Amino acid sequence: MEIQYNRKMSSLFIISAPSGAGKTSLIKALLQTNVNLSLSISHTTRQPRANEVNGQDYFFVSREIFQQMLKQGEFLESAEVYGNLYGTSQHWVTETMASGQDVLMEIDCQGAQQVRQAFPQAVSIFILPPSLASLEARLKQRGQDDPEIIARRLKAAREEVSQVSKFDYVVINNELEEALQDICCIIRAERLKIMRQLAKQYALVAQFS
Ligand code: 5GP
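Reading the values: rules and limits
Residues numbered from 1 in each chain as written. Predicted model: local features only at pLDDT ≥ 70, side-chain atom pairs only at ≥ 80, totals over all residues. Heavy atoms only, no water. pLDDT = per-residue confidence, 0-100. Contact = heavy atoms within 4.5 Å. Near = heavy atom within 4 Å. Polar contact = N/O pair within 3.5 Å; in protein donor to acceptor, adjacent residues only side chain to side chain. 1 Å grid on protein atoms, 1.4 Å probe; cavity = no way out; pocket = protein on both sides within 12 Å on 5 of 7 lines; lining within 4 Å. Sits in = over half its atoms within 2 Å of the grid points. Helix = DSSP H or I, 4+ residues; strand = E, 2+ residues; numbered from the N terminus. Nonpolar A, V, L, I, M, F, W, Y, C, P; charged D, E, K, R; others polar. Pairing = 2+ DSSP bridges. Axes fitted to C-alpha atoms, helices over the stretch in contact; angles between N-to-C directions. Expected span 1.5 Å × (residues − 1). Buried < 20%, exposed > 50% of the residue type's maximum accessible area, 1.4 Å probe, protein only. Core = buried A, V, L, I, M, F, W, Y, C linked by side-chain atoms within 4.5 Å. Points joined across faces, edges and corners; volume = space filled by probe spheres on them.

Colleague: Please clarify how the confidence of the model for the protein should be interpreted in this entry.
Modeller: Caution applies to low-pLDDT regions: their predicted coordinates should not be interpreted in detail. Looking at the protein, the pLDDT average stands at 92 and 96% of residues meet or exceed 70. Note that residues 1-6 has pLDDT below 50 and, in this model, five contacts with residues that lie over four places away or in other chains.

Given below as structure tokens:
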């Protein structure tokens, strides 16, 4: 069999979770390890929260600008979540992957579905809270949102979890450290897959041929 070598075979990881599953803390902890992933910064029409920085947490844009970008085909995927629009820059993802860097996207289930269609090789991970009660407690503890929004997020959580079987992996976020290790293991195993190893270790394999 002839082996097709493609040295820049980057991986695309998607992480989705219901709001309050602890995804943001997990991703923050993940990026502080030596995992070497580039996080995609989404565009959103949502108002920034108190601690959020434009260009770091999101690119905060008006609905008008977002719609314009959408029309111009600038998003790889986009979705309306809790009444706000979110989208991932097509250009950034393709450029980053073309440079050989692995990409991490933190997006909702609708977006994950669109990305899977565009990149069937994308690796998707769903984060589950240990229980519905813990999810509710976390949403309330955060103190970031009104009770009405919390109720909306709980309803949406049920819908999100109904999509779980479409994902490649599920990680339960009971203990942050354990969940972090699980995600690191997934990333490591994916990077060791034969097609990626052949792409990266072509010189080593060639020594034996
Ligand atoms: P939050 O407003 O709490 O930061 O995020 C709300 C939801 O939007 C989360 O489920 C988050 O994963 C999702 N989200 C954030 N960025 C994107 C994006 O670019 N695309 C999609 N489809 N969802 C996103």
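Colleague: Looking at this structure, I do not really get the site of the ligand. What am I missing?
Modeller: With respect to spatial proximity, 17 residues lie near the ligand, and among them Lys23, Ser42, Arg46, Tyr58 and Tyr86 are the closest. The side chain of Arg49 places a nitrogen or oxygen atom 3.0 Å from an oxygen atom of the ligand. Contacts to the ligand include Tyr86, whose side-chain N or O atom sits 2.5 Å from an oxygen atom. Of the pockets mapped on this structure, the ligand occupies the largest pocket. Elements that contribute at least two residues to the shell around the ligand include exactly strand 5 (75-81) and strand 6 (84-89). Class assignment of the residues belonging to the shell around the ligand gives a composition of six nonpolar, four polar and seven charged.

Colleague: I'm lost on the sheet that holds strand 2 (residues 38-39) in this one. Help?
Modeller: Two strands in a sheet stick together by hydrogen bonds in their backbones, pointing the same way (parallel) or opposite ways (antiparallel). Across the sheet, which stays open at both edges, the five strands sit in the order 2-7-1-8-9 with parallel pairing between neighbours. A single partner strand is all that each edge strand has here, and the edge strands are strand 2 and strand 9 (169-172). By the bridge criterion, two bridges tie strand 2 to strand 7 (residues 103-106) in an arrangement that is parallel. Bridge pairing in strand 7 links Leu39 to Leu104. On top of the sheet, helix 1 (residues 23-32) reaches strand 1 (12-16), strand 2, strand 7 and strand 8 (123-128); it is set at about 165 degrees to strand 7, its chief contact.

Colleague: How should I be thinking about helix 6 (residues 147-161) in this particular structure?
Modeller: Count 3.6 residues to each turn of an α-helix, and residues three or four apart come out pointing the same way. Here helix 6 contains 15 residues, and its C-alpha end-to-end distance of 21 Å stays within 8% of the 21 Å for a straight helix at 1.5 Å per residue. Of all the residues in helix 6, the buried ones are Ile150, Arg153, Leu154, Ala156, Ala157 and Glu160. Residues of helix 6 that are buried make contact with helix 4 (109-118), strand 8 and helix 5 (132-142).

Colleague: Can you help me understand unusual backbone geometry in this one?
Modeller: What is expected of a backbone is that most residues other than glycine have negative phi and most peptide bonds are trans. The backbone of Asn36 shows a phi angle near 55 degrees, a positive value even though the residue is not glycine. For Asn36, the location among the structural elements is in the loop between helix 1 and strand 2. Since its relative accessible area comes to 53%, Asn36 is described here as exposed. Positioned with a positive phi, Tyr82 is a non-glycine residue whose angle comes to about 50 degrees. Note on placement: Tyr82 falls in the loop between strand 5 and strand 6.

Colleague: Hey, could you run me through the nonpolar core in this one?
Modeller: Proteins that are soluble and globular tend to have nonpolar side chains buried together. Ranked by internal contacts, the top residues of the largest apolar core, which has 25 residues, are Ile15, Leu30, Ile127 and Ile183. Counting only elements with at least two residues in this core, the list comes to strand 1, helix 1, strand 8, helix 5, helix 6 and helix 7 (176-191). It is helix 7 that provides the largest number of residues to this core, a total of five residues. In this structure, Ile15 is in contact with Lys23, Ile27, Leu30, Leu104, Met105, Glu106, Ile107, Ile125, Ile127 and Ile183, ignoring residues within four places of it in sequence. One finds Leu76, Val103, Met105 and Cys109 within the second-largest nonpolar core, a separate group that totals 16 residues.

Colleague: What is the right way to look at the pairing of strand 6 in this model?
Modeller: Looking down a regular strand, the side chains alternate between one sheet face and the other. A large share of strand 6 lies buried, amounting to six of its six residues. Of the two faces of strand 6, both are covered, the one formed by Asn84, Tyr86 and Thr88 as well as the one formed by Leu85, Gly87 and Ser89. As paired elements, strand 3 (residues 43-44) and strand 6 share two bridges and run antiparallel to each other. Each residue of the ladder has a partner; that of Thr44, found in strand 6, is Tyr86.

Colleague: Can you walk me through the layout of surface pockets in this structure?
Modeller: Rolled over the atoms, a probe sized like a water molecule indicates the empty space that remains. Within this model, the largest pocket holds a volume of roughly 1,200 Å³. Contributing to the lining of the largest pocket are 40 residues, with Lys23, Thr24, Arg49, Tyr58 and Glu106 lying nearest its centre. The set of elements that each furnish at least two residues to the lining of the largest pocket consists of helix 1, strand 5, strand 6, helix 5 and helix 6. Counting residues per element, the lining of the largest pocket draws most heavily on helix 1, at six residues. Residue composition of the lining of the largest pocket, by class: 14 nonpolar, 13 polar and 13 charged. If you add up the space inside the second largest pocket, you get close to 220 Å³. Lining the second largest pocket we find Glu80, Val81, Tyr82, Asp108, Cys109, Gln110, Arg152, Lys155, Ala156, Glu159, Glu160 and Gln163. Elements with a contribution of two residues or more to the lining of the second largest pocket: strand 5, helix 4 and helix 6.

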